[in-house]
Amino acid sequence: NYSLWVDAGTSRFDGNVGIGETSPDTILHIKDSAPDITLEDSDGGDVYKIGNNGGNYRVRNVTDSRTDLNIDGAGAASFTGMVTIGQSTTTGFATGADNLIVGDGSNHEGMTIFTGNNSIGSISFADAADPDGYSGYIQYDHGNDYMVFGSAGTAGMKLSGGSAPLLTLYGTAG
């Protein structure tokens with residue numbers, strides 16, 4: 001029994017393969033201080049590296065010097081470019097409203113913000129001058145069953161639910 005077979009230029013491994021690992025527990029187990037796998041298009045296309053960099057796992061486009069996907073040690077993921085869910089193209093959408101595309105346009109589509117029973121779900125609109133703050137927001141207060149639309153930290157409109165829905169507008173007439 002041999003775990004490596006070579007015959008007329010064709011190689012075959014039986015079992016798990018370890019690189020830097022003496023007891024591989026998956027079909028390919030790579031162990032190194034900063035393991036990378038390089039994928040290169042033989043037709044002269046992009047070169048990608050998939051691996052670990054200082055505790056962050058990433059997919060890096062070496063050709064264009066950019067990290068397309070980064071997952072940090074806490075599990076937070078960041079993407080470069082556009083993100084699509086249920087969609088295979090990023091063309092034909094409004095410029096400036098195409099960073100996140102949800103749905104394929106053939107059925108009902110949506111997103112869910114999942115909060116606790118007495119918590120608030122929010123969509124916030126920030127700007128480069130104050131990325132930790134927000135210029136506008138939409139919030140739903142699950143415990144009190146109302147939705148607020150606001151800007152500059154001030155509520156502009158509140159829609160209350162229940163058996164007698166109520167729309168409240170804030171501000172001055174002008």
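Residues numbered from 1 in each chain as written. Predicted model: local features only at pLDDT ≥ 70, side-chain atom pairs only at ≥ 80, totals over all residues. Heavy atoms only, no water.

A. Looking closely at the overall build of the protein. Of regular secondary structure, the protein possesses zero helices and 16 strands. For 174 residues, the compact-globule estimate of 2.2 N^0.38 gives 16 Å, and the protein exceeds it by more than 25% at 25 Å. Referenced to the eigenvectors of the C-alpha coordinate spread, the extents of the protein come out at roughly 85 × 35 × 35 Å. Across the 174 residues in the protein, those meeting the buried criterion constitute 12%. The contacts in the protein between residues at least 6 apart in sequence include a share of 3% that link residues at least 24 apart. (Helix = DSSP H or I, 4+ residues; strand = E, 2+ residues; numbered from the N terminus. Rg over C-alpha atoms; globule rule 2.2 N^0.38 Å. Buried < 20%, exposed > 50% of the residue type's maximum accessible area, 1.4 Å probe, protein only. Contact = heavy atoms within 4.5 Å.)

B. Structural context of the packing of aromatic side chains. Evaluation of the coordinates by the stated rule reveals zero aromatic pairs. Here K158 stacks its cationic end above the ring of Y146, 4.1 Å away from the centre of that ring. (Phe/Tyr/Trp six-rings, centres within 6.5 Å; stacked < 30°, edge-to-face > 60°. Lys NZ or Arg CZ within 6 Å of the ring centre and 35° of its normal.)

C. Expanded view of the pattern of salt bridges. A complete count under the given rule lists four salt bridges for this structure. Note that D64 is salt-bridged to R66, the shortest N-O span being 2.9 Å. The exposure class of D64 is partly exposed, given its relative accessible area of 42%. By relative accessible area, which is 30% here, R66 ends up partly exposed. Across the pair D68 and R66 runs a salt bridge, and its minimum N-O distance is 2.4 Å. The exposure class assigned to D68 is buried, which follows from its relative accessible area of 15%. Residues participating in the shared-partner salt-bridge network are D64, R66 and D68. (Salt bridge = Lys/Arg side-chain N within 4 Å of Asp/Glu carboxyl O.)

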